[in-house]
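Structure at a glance
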Amino acid sequence: MNVAIASAALQPSRLTPGTDVLANEILSCLRYRFGKDATVAKPHDWLAAAIRVVRDRVIDRWIESTKEAYDDSRKRVYYLSLEFLIGRLTRDAFSNLGMMEEMRAALHKLGVDLDVIAALEPDAALGNGGLGRLAACFMESMATVDVPAHGYGIRYENGMFRQEFSEGWQVELPETWLDYGNPWEFERRERSFEVGFGGLVEFAEGDDEKHVWKPIERVLAVAYDTPVVGWRGERVNTLRLWSAMPIDPIRLDAFNAGDHIGALRDFTKADTLSRVLYPADATPAGQELRLRQEYFFSAASLQDIVQRHLSQYGDLSTLGQKAAIHLNDTHPAIAVAELMRLLMDVHGFALEKAWDITRETFAYTNHTLLPEALESWPVHLLDRLLPRHMQIVYSVNSLLLKEARDKDTFSDDSIKRISLIDETGERRVRMGNLAFAGSHSINGVSALHTDLMKETVFADLHRLYPDRINNKTNGITPRRWLLQSNPGLTQLARETIGDGFLDDVTLLRDLEDYAKDGGFQEKFTGVKRRNKERLAALVVERLGVKVDPSAMFDIQIKRIHEYKRQLLNIIEAVAVYDQIRSHPEKEWVPRVKFFGGKAAPSYVNAKLIIKLANDVARVINRDPTVRGLLKIVFLPNYNVSLAEVMVPAADLSEQISTAGMEASGTGNMKFALNGALTIGTLDGANVEMQEHVGADNIVIFGLTAEEVAERRREGYSPRDVIAQSPELSQALSSISSGVFSPDDPDRYRGLMDGIYNTDWFMVAADFDAYTDAQRKVDAIWRDPQLWAEKSILNTARMGWFSSDRTIREYARDIWNTPTVGG
Ligand code: 26V
């Protein structure tokens, strides 16, 4: 299906050359770069040619942006992230450059439909979920608010897996996004660095103070650069992704001796480093390859950063004044030890001085409190793979523990918790503590999450360094999540309040004046209706299921995880199904419940939840007694591009995590900006969304984070709760007894027993509050004007959640660098 692309037409700028010129450039690109003419060019060729023509225009700004940063010696920001969940790039770039309409016209002249070829671009899915998508939004916002920034990551050949369903079960298939090449990237062979592993540490000759690490293995990190265009194309930053290569691609001696496989061993070994993205976002990866990936990209990035700094300033003692290195979670935390190594072993700084420079340079964002997602590496593994780094960890640990001991207010237990080494079982290095100790700023991603960080994982470190933890509530880029994905709403807003909000999305608040205006409500609802029709068409195309666009579209899209509680949503659907059948006389609000999301391949319960949703969908969707009042649709292969179609089509956004467990959420922001009402718990950024949109315009239910903690402390008994709720008992027992799995009646017994016995995620405890909240949603829906008003107010009041605001706060409070606008 083609998703219509319209852009917020900008004033023609010096970047827009005119339709005829563009059309000619596309033709000559086809001819001279690809050796084809219009008669033989395939759709992929047209796309590649169109991209190159635009890319060439980006290059001038790119070079200028890079030069400017040299000229005025501005501080540079380096964003280190193992994930960048970009999605398609082309629309972003065309639209930010204001070239969309001209490109459309130029291609049209050549008989090519821009929407058709744009849909061919694969998603760059180099991330799992929220953390990776946030990195992509941040890259776009840094370019927009004029922060000179480089993103650093890995150029995975296989990004996030493609999800298919086989009889309702998730099947993972490799996604090969580079099959047709990647016209946006530039390979920089000349920008390559060696990265070592293993070996031993020696003293430098004649100097017992200085250590020399002699790795036994070496690989080459080769840079691939992608330009990141800010809004209106003023600044173009760089996303630099590293690809691993063997230093000697082939061992000729082995080859000539007939050992053809052995001759290529180095190649295979290096190649695996940048081969696949780890598809887990909360379960411990544990494996050596993951640590190798983390060190590989951290070490390459640091060499690059240090080299750039030295060539401009000549001396590393000023590094922290001229460079801010940001750690996106602990995945690049080994960079702290690597910078220490470079400063001490290569550049001769003493331990304390190196530690000062390091802390001045680094900052760290924590994205989860889930204990199982907090990284730690066995000491023996780090020692074998990175022996010098292990020594450095011990050295900085003694500085850290001395500071704590000197204070006299820390008990032995609290010193044990501050230590970089966890000695409670197998000795492990705590990467969160290393990142914290090595940074001058540690931030959470919503107000609630930051408070919880101070009270839980980092309580002791926070007591030792009370000024370091700060909050930076997440945001989303309004360019991708409004202007591009919802051209209808963008156009309506422009007609109503003018163009100011294109540059400052908080100006959407001017729409508040129209929230009760019947004429405007009708137009607003009309836009939503067309977005729903577009999604309905996609559902027919992908699943052969018909859904009615006048029903409420209730959507939960995100990674499948027990704490996100897709199960609560499914059980509620089962309860409603029971009700519809047992009370056919009652009036029900017609709903379509949409799901989308991937489960980590090793996460058994998450995969079972997907199967359950599909089993429940099959039964409900085929039951004539339901009379179409309830439908369930699980769209496979949820990714950024699918989100761009689903988000603008939502009436209701499900943000129902167990309070205290979702660090922020960013999908919640995308939906509300596009006019969906939220049903949600007081978790993550939902709390701040309630403050911004107003308590009347969001439906909040359930236990608070504090209450969840209290219930767990006092010994929560789900069985008692279930016994009190006939609806819940009925739903659980029908799932448990095989009503939805007649082919395997015990399939869900274990999953349901988990709720009866432990219910760690408080599904039972929140169930009645959730169903009450859903009936409240129904009541609002029955009053279309009231719904429209609340929906408009959501759009009008979500501007604060722009990632431009978030980045300005990072720049001001953490990186100490100026921004424009705002
Ligand atoms: C953790 C791990 C653990 C080891 C295995 C591989 C792996 C890969 C990713 C992660 C990160 C999980 C943390 C995460 O994605 N957090 C999400 O960050 C979003 C942006 O701040 C936030 O909105 C979500 O609430 C939070 O769950």
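See the structure above.
Not measured: the values here are computed from a predicted model.

A word on the site of the ligand
Taken together, the neighbourhood of the ligand is formed by 21 residues, with Asp281, His367, Asn474, Glu662 and Gly665 sitting nearest. Between the ligand and the protein, one listed contact pairs an oxygen atom with a side-chain N or O atom of Asn474 at 2.9 Å. Within the contact set of the ligand, an oxygen atom lies 3.0 Å away from a backbone nitrogen or oxygen of Ser664. When the ligand sits alone it has 600 Å² of accessible area, and the protein chains cover 94% of it. Per-element tally for the shell around the ligand: the top contributor is helix H6 (residues 130-144), with three residues. Looking at side-chain class alone, the shell around the ligand contains eight nonpolar, nine polar and four charged residues.

Thoughts on the side chain of Gln170
Considering the arrangement of structural elements, one finds Gln170 in strand S6 (residues 169-173). A relative accessible area of 7% places Gln170 in the buried class. Engagement of the side chain of Gln170 in a polar contact is seen with the side chain of Glu172, the distance being 2.9 Å. With sequence-adjacent residues up to four places away left out, Gln170 is seen in contact with Phe161, Gln163, Glu164, Phe165, Lys598, Ala599, Lys607 and Ile610.

Details of the packing of helix H13 (residues 351-361) against helix H15 (residues 387-407)
Where H13 meets H15, the closest approach of the two axes is 11 Å, and the angle between their N-to-C directions is 85°. Accordingly, the angle class assigned to the pair H13 and H15 is roughly perpendicular. Contacts from Leu351, Glu352, Trp355 and Arg359 of H13 reach H15 at Ser395, Val396, Leu399 and Glu403. For the contact of H13 with H15, the per-class residue count stands at four nonpolar, one polar and three charged.

Overview of the pattern of salt bridges
Between side chains of opposite charge, pairing is possible as soon as their charged atoms come close. A complete count under the given rule lists 66 salt bridges for this structure. Measuring nitrogen to oxygen at the nearest pair gives 2.8 Å for the salt bridge that ties Arg479 to Glu140. You can see Arg479 sitting in helix H20 (residues 478-484) and its partner Glu140 sitting in helix H6, a full 339 residues away along the chain. There is no split in this pair, since Arg479 and Glu140 are both buried.

Describing the pairing of strand S1 (residues 76-80)
Most of S1 sits out of view: five of its five residues are buried. The alternating pattern of S1 places Arg76, Tyr78 and Leu80 on one face and Val77 and Tyr79 on the opposite face, and all of these are buried. Across five bridges, the pairing between S1 and strand S12 (residues 323-328) is parallel. Residue pairing across strands places Arg76 opposite Ala323, the latter belonging to S12. Where S1 meets strand S4 (residues 149-154), four bridges bridge the pair, whose relative direction is parallel. By the bridge assignment, Tyr78 is partnered in S4 with His150.

Brief notes about helix H31 (residues 726-736)
Along H31, the residues classified as buried are Leu728, Ala731, Leu732, Ser734, Ile735 and Ser736. Buried residues along H31 sit in contact with helix H24 (566-582), helix H25 (604-622), helix H30 (718-724), helix H32 (749-757) and helix H33 (763-781). Two residues or fewer after H31 comes Gly738, characterised by a positive phi angle close to 100°.

Conventions used here
- Residues numbered from 1 in each chain as written.
- Predicted model: local features only at pLDDT ≥ 70, side-chain atom pairs only at ≥ 80, totals over all residues.
- Heavy atoms only, no water.
- Near = heavy atom within 4 Å.
- Polar contact = N/O pair within 3.5 Å; in protein donor to acceptor, adjacent residues only side chain to side chain.
- Areas by Shrake-Rupley, 256 points an atom, 1.4 Å probe, with all protein chains shown as cover.
- Helix = DSSP H or I, 4+ residues; strand = E, 2+ residues; numbered from the N terminus.
- Nonpolar A, V, L, I, M, F, W, Y, C, P; charged D, E, K, R; others polar.
- Buried < 20%, exposed > 50% of the residue type's maximum accessible area, 1.4 Å probe, protein only.
- Contact = heavy atoms within 4.5 Å.
- Axes fitted to C-alpha atoms, helices over the stretch in contact; angles between N-to-C directions.
- Parallel < 35°, antiparallel > 145°, perpendicular 65-115°, else oblique.
- Salt bridge = Lys/Arg side-chain N within 4 Å of Asp/Glu carboxyl O.
- Pairing = 2+ DSSP bridges.

These figures capture arrangement, not role.
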